[in-house]
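Summary of structural features
This is what each chain is made of:
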Amino acid sequence: MVMTVRVDIVSAENEIFSGHVELAVFPGESGELGILPRHTPLLTRVKAGTVRLKIPDENRFELIYVSGGMLEVQPHLVTVLADTAVRAADLDEAKALEAKRRAEDALAKHASEMDLATAEAELVQAIAQLQAINKMRNVVVH
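Here the structure is a predicted model, which means the values were calculated and not measured.

Of all hydrophobic cores here, the largest spans 21 residues; its most connected members are Val 7, Ile 9, Phe 17, Phe 26, Leu 53 and Ile 64. Contributions of two or more residues to this core are made by strand E1 (5-11), strand E2 (15-21), strand E3 (23-28), strand E5 (42-54), strand E6 (61-74) and strand E7 (77-82). Per-element accounting of this core gives the leading share, four residues, to E6. Excluding anything up to four places from it in sequence, Phe 17 contacts Val 7, Asp 8, Ile 9, Leu 53, Ile 55, Glu 62, Ile 64 and Arg 87. Within the second largest apolar cluster, nine residues are counted, among which are Phe 61, Leu 63, Ala 128 and Ile 133.

Turning our attention to the pattern of salt bridges. Inspection of the entire model under this criterion finds eight salt bridges. A salt bridge links Glu 29 to Arg 45; its shortest N-O distance comes to 2.6 Å. In this pair, Glu 29 is assigned in the loop between E3 and strand E4 (31-35) and Arg 45 in strand E5, connecting sequence segments 16 residues apart. The exposure class of Arg 45 is partly exposed, given its relative accessible area of 47%. Salt-bridge contacts for Glu 62 lead to Arg 87; the nearest nitrogen and oxygen are separated by 2.5 Å. Placement of Glu 62 in strand E6 and of Arg 87 in strand E8 (residues 85-87) is noted, with a sequence separation of 25 residues between them.

Rules used in this analysis
Residues numbered from 1 in each chain as written. Predicted model: local features only at pLDDT ≥ 70, side-chain atom pairs only at ≥ 80, totals over all residues. Heavy atoms only, no water. Core = buried A, V, L, I, M, F, W, Y, C linked by side-chain atoms within 4.5 Å. Buried < 20%, exposed > 50% of the residue type's maximum accessible area, 1.4 Å probe, protein only. Helix = DSSP H or I, 4+ residues; strand = E, 2+ residues; numbered from the N terminus. Contact = heavy atoms within 4.5 Å. Salt bridge = Lys/Arg side-chain N within 4 Å of Asp/Glu carboxyl O.

If you want it as structure tokens, here you go:
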């Protein structure tokens, strides 16, 4: 029998995932965090990126884009409180490309500091969404 840990990923809008996984990988601020069952308790921030969840008895990962948030790890429960969370399959590549282009244009115009900070944040979000889409296309289970 495969050991699992329960993972709940929620955002302000809804619960995007709730179930047991063999392995969960999160985009931490200092790099990826791999969480297995019985992990040491941990509380940290996650940055915009792709959460990878290894589903038991399936030869695949569930991919979820998060825009940032908080990660709490307990030995048998992992919770992500995300600012925004979307299944990678539901991301719109055309919208992400357009958001990336707009953010790059705003950065090129050297607007006010506030506009620059907003444009940089939007660029990070768009790039993270595009990376989630690419990971979804190329996901391989080892």
